[in-house]
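# A closer look at the structure
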Amino acid sequence: MKLELSRVVQGCRLGRLTGLGNSGQHSLEVPGCLLYTRCATVPHLTQDTLHTLRDLPSVTQVSVDSLAEHLEVLEEFKEGVLKFAGLHDTVVFSSLHDSANSSPAGHVTNKTVSVWGSGGRIELTVARFMAIQAAIQPDCYQSMADGETWQAGTSRKRVRKAVDRTLAHLDECLVLHQKSQGLKRAEIFGVVEGGDILEERLRSARETAKRPVGGFVLDGFHSAAMDQDVRVQLIKAASAELPQEKPRLVLGVGRPDEVISCVEAGVDLFESFFPFQVTERGCALSFNFIIDPDPETAGSSTPTVLEFNGEMPAVKKLNSNGDENMTLYEMNLKDKRYQDDFRPLVEGCSCYCCKKHMRAYVHHLLVTNELLGGVLLMLHNMAHYLGFFKALREAITSDRLQDFKNRVLHCREGD
Ligand SMILES: [Zn+2]
């Protein structure tokens, strides 16, 4: 695995991660995202439905918490999660937790961490954690980590302990990794901890970078953990301690404005649980990320302008009586005002849902609790989110990052 940077603009790293997968045939553009799954399946979608989407990420993320309870089955199967779940040709990245779930804190010890599956808590030692990885057979995986120090006000002593434990887990994982036949070609990502204490973040980054890891996971930066300014400062400082040629994946960050600020701080990779969360509350991503086209190509037939149709005030109003987690990047299709709205979710979107169906139909599916509602929303929300990342890369390429930010962040004005 190798990260080839083609340019760095205002801290944003544009490039391509190459040599991914078993025979090194896959690559992934950065900044970019991994494909989110639960139990190795993109929620609501079969592999065939999923592959109606263009520009899917070449890396699929699975998490230990949803697979740990199936360890015996995977071990008996012997051929890894890619074949077990019938995934098309993809690179598999295995992380510890599902970022769309919040797991209870207070269960880590010096020797163990805990994950929560459908059957409850599963306590993992490094040996068991590595046995699970060997059964999953990922191409890359996050090493075991004590990630419980993200809450503000965690004592310095506790944070220091988390950094020490995480380094100790990494060293133990590396020893077992070397001995494992099944993980021969896999790469470990070291985890940078340190809560909101700058010195500990720096120490964690420096020490992790000394180990033979393929990349870095930045843990404890998710939305609930800290505000954007603190996150950006800490990530910038930690990134400066990490080698340029290895990728950095941040966990738990998915909102478009937060993604942009992390990219500016030097992050390459993100998870894509955000469009799933939007889907689960019956909403559709509708924010605009298309910057005004070049005068040269303006007027061509390709529909590229995703306009809000003056809907912002209504979106804001919805916020107060709809789901409290709803962001300004989405519209709530359960709302009655869409029952006779015969437009697609987003004008010009090329996803299956927007090409074939209208808001009124999706509204109908949602109020009658039809499963197809989730399928169609998930397709659109993934398409929209992937389109956002593609547009972000294009904006960096063409030196139009500021225009892009203005466009995306515009809908948050007057928050
Ligand atoms: Zn769409």
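Residues numbered from 1 in each chain as written. Predicted model: local features only at pLDDT ≥ 70, side-chain atom pairs only at ≥ 80, totals over all residues. Heavy atoms only, no water.

Let us look at the overall build of the protein chain. A count of helical and extended segments in the protein chain gives 15 helices and 15 strands. A globule of 415 residues ought to have a C-alpha radius of gyration of about 22 Å, and the protein chain, at 21 Å, matches this closely. The C-alpha extent of the protein chain, read off along each of the three principal axes, is 60 × 45 × 45 Å. Here the protein chain holds 415 residues, and the buried ones make up 55% of them. Here the analysis covers contacts within the protein chain between residues at least 6 apart in sequence; of these, 69% occur between residues at least 24 apart. Looking at the protein chain as shown, the accessible area adds up to about 17,900 Å², and 49% of this sits on carbon and sulfur atoms. For the protein chain, the distance from the average position of its 46 positive side-chain charges to the average position of its 54 negative side-chain charges is 3 Å. (Helix = DSSP H or I, 4+ residues; strand = E, 2+ residues; numbered from the N terminus. Rg over C-alpha atoms; globule rule 2.2 N^0.38 Å. Buried < 20%, exposed > 50% of the residue type's maximum accessible area, 1.4 Å probe, protein only. Contact = heavy atoms within 4.5 Å. Areas by Shrake-Rupley, 256 points an atom, 1.4 Å probe, with all protein chains shown as cover. Lys, Arg positive; Asp, Glu negative; His and termini not counted. Charge placed at Lys NZ, Arg CZ, Asp CG, Glu CD.)

Quick look at the coordination of the zinc ion now. At this site the zinc ion is bound by Cys349 (SG), Cys351 (SG), Cys354 (SG) and His380 (ND1), with donor distances of 2.1 to 2.3 Å. Metal-centred angles of 100 to 118° between the four donor atoms at the zinc ion mark the site as tetrahedral. For the zinc ion, the single-chain donor residues occur in sequence as C-x1-C-x2-C-x25-H. Residue Cys351 is located in the loop between β15 (330–332) and α12 (352–356), and its partner His380 is located in helix α14 (residues 371–397); the two are separated by 29 residues in the primary sequence. (Donors = N, O, S within 2.8 Å, 3.2 Å for Na, K, Ca; no water. Tetrahedral: all angles 85-135°; square planar, octahedral: opposite > 155°, others 65-115°.)

If you want to describe how two helices pack, look at the angle between their axes and the distance between the axes. Direction vectors running N to C along helix α13 (residues 359–367) and α14 enclose 135°, while the axes themselves pass 7 Å from each other. Relative to α14, the element α13 lies oblique. Judged by the twist between their axes, the crossing of α13 over α14 is left-handed. The segment α13 lies against α14, with Tyr361, Val362, Leu365 and Leu366 engaging Leu372, Gly373, Leu376 and Leu377. Residues that form the contact of α13 with α14 fall into these classes: seven nonpolar, one polar and no charged. (Axes fitted to C-alpha atoms, helices over the stretch in contact; angles between N-to-C directions. Parallel < 35°, antiparallel > 145°, perpendicular 65-115°, else oblique. Left-handed = near helix turned anticlockwise from the far one by under 90°. Nonpolar A, V, L, I, M, F, W, Y, C, P; charged D, E, K, R; others polar.)

On to unusual backbone geometry. Note the cis peptide between Val30 and Pro31, where omega equals -5°. Position of Pro31 relative to the elements: it lies in the loop between β3 (26–30) and β4 (32–33). The phi dihedral of Cys39 is positive, around 50°, even though this residue is not glycine. Tracing the chain through its elements places Cys39 in the loop between β4 and α1 (47–50). Taking the relative accessible area as the measure of exposure, Cys39 reaches 39% and is therefore partly exposed. Positive phi, close to 55°, is recorded for Asp55, a residue that is not glycine. With respect to the element layout, Asp55 can be found in the loop between α1 and β5 (59–63).

To continue, consider the nonpolar core. One finds Leu124, Phe129, Phe270, Phe388 and Phe404 to be the most contacted residues of the largest nonpolar core, which totals 87 residues. Element by element, the count of residues in this core is highest for α14, at twelve residues. By size, the runner-up hydrophobic cluster in this structure holds 17 residues, among which are Leu3, Phe93, Cys140 and Phe189. (Core = buried A, V, L, I, M, F, W, Y, C linked by side-chain atoms within 4.5 Å.)

A few words now on empty space enclosed by the protein. By the definition in use, this model includes three cavities of 30 Å³ or more. Its boundaries defined by the atoms lining it, the second largest cavity holds a volume of some 60 Å³. What lines the second largest cavity is Met1, Leu17, Leu20, Leu28, Leu34, Val59, Phe93, Cys140, Phe189, Leu249 and Leu269. Across the lining of the second largest cavity, the residue classes break down as eleven nonpolar, no polar and no charged. (1 Å grid on protein atoms, 1.4 Å probe; cavity = no way out; pocket = protein on both sides within 12 Å on 5 of 7 lines; lining within 4 Å. Points joined across faces, edges and corners; volume = space filled by probe spheres on them.)

Attention shifts here to the packing of aromatic side chains. Geometry of an aromatic ring pair is reported as the spacing of the ring centres plus the angle between the planes. One pass over the structure, following the stated rule, counts twelve aromatic pairs. When the centroid spacing of 5.1 Å and the interplanar angle of 85° are considered together, the rings of Phe93 and Phe189 count as edge-to-face. Within this pair, whereas Phe93 is found in strand β6 (residues 91–95), its partner Phe189 is found in strand β10 (residues 187–192), the two being separated by 96 residues in sequence. Seen in terms of ring centroids, Phe287 and Phe388 are 5.6 Å apart; in terms of plane orientation they differ by 75°. Their pairing is edge-to-face. With Phe287 in the loop between β14 (283–285) and α11 (312–321) and Phe388 in helix α14, the pair connects residues that are 101 residues apart, well separated along the chain. For the pair shown, Phe287 and Phe388 are each scored as buried. Every member of this aromatic cluster is reached through a ring pair, and the members are Phe270, Phe274, Phe287, Phe289, Tyr329, Tyr385, Phe388, Phe389 and Phe404. (Phe/Tyr/Trp six-rings, centres within 6.5 Å; stacked < 30°, edge-to-face > 60°.)

So, on to α14. For α14, with 27 residues, the first-to-last C-alpha span of 40 Å sits near the 39 Å given by 1.5 Å per residue. Extensive coverage of α14 is indicated by the burial of 21 of its 27 residues. (Expected span 1.5 Å × (residues − 1).)

Attention now moves to the state of the cysteines. According to the stated counting rule, one finds zero disulfides in the structure shown. Note on Cys140: no disulfide assigned, nearest cysteine sulfur contributed by Cys173 at a separation of 15 Å. With relative accessibility at 5%, the residue Cys140 sits in the buried group. Cys353 takes part in no disulfide bond, and the closest cysteine sulfur to it belongs to Cys351, at a distance of 5.0 Å. (Disulfide = S-S within 2.5 Å.)

Here we come to helix α8 (residues 228–240). Side chains three or four residues apart in an α-helix point the same way, a direct result of the helix having 3.6 residues per turn. Spanning 13 residues, α8 covers 18 Å between terminal C-alpha atoms, matching the ideal 18 Å at 1.5 Å per step. Within the sequence span of α8, burial applies to Arg231, Val232, Leu234, Ile235, Ala238 and Ser239. Elements that come into contact with the buried residues of α8 comprise α7 (198–209), β11 (215–218), β12 (248–250) and α9 (256–264). Backbone nitrogen of Asp229 and a side-chain oxygen of the N-cap are separated by 3.1 Å at the start of α8; the cap is Asp227. (Polar contact = N/O pair within 3.5 Å; in protein donor to acceptor, adjacent residues only side chain to side chain.)

Worth remembering: the numbers are spatial, not functional.
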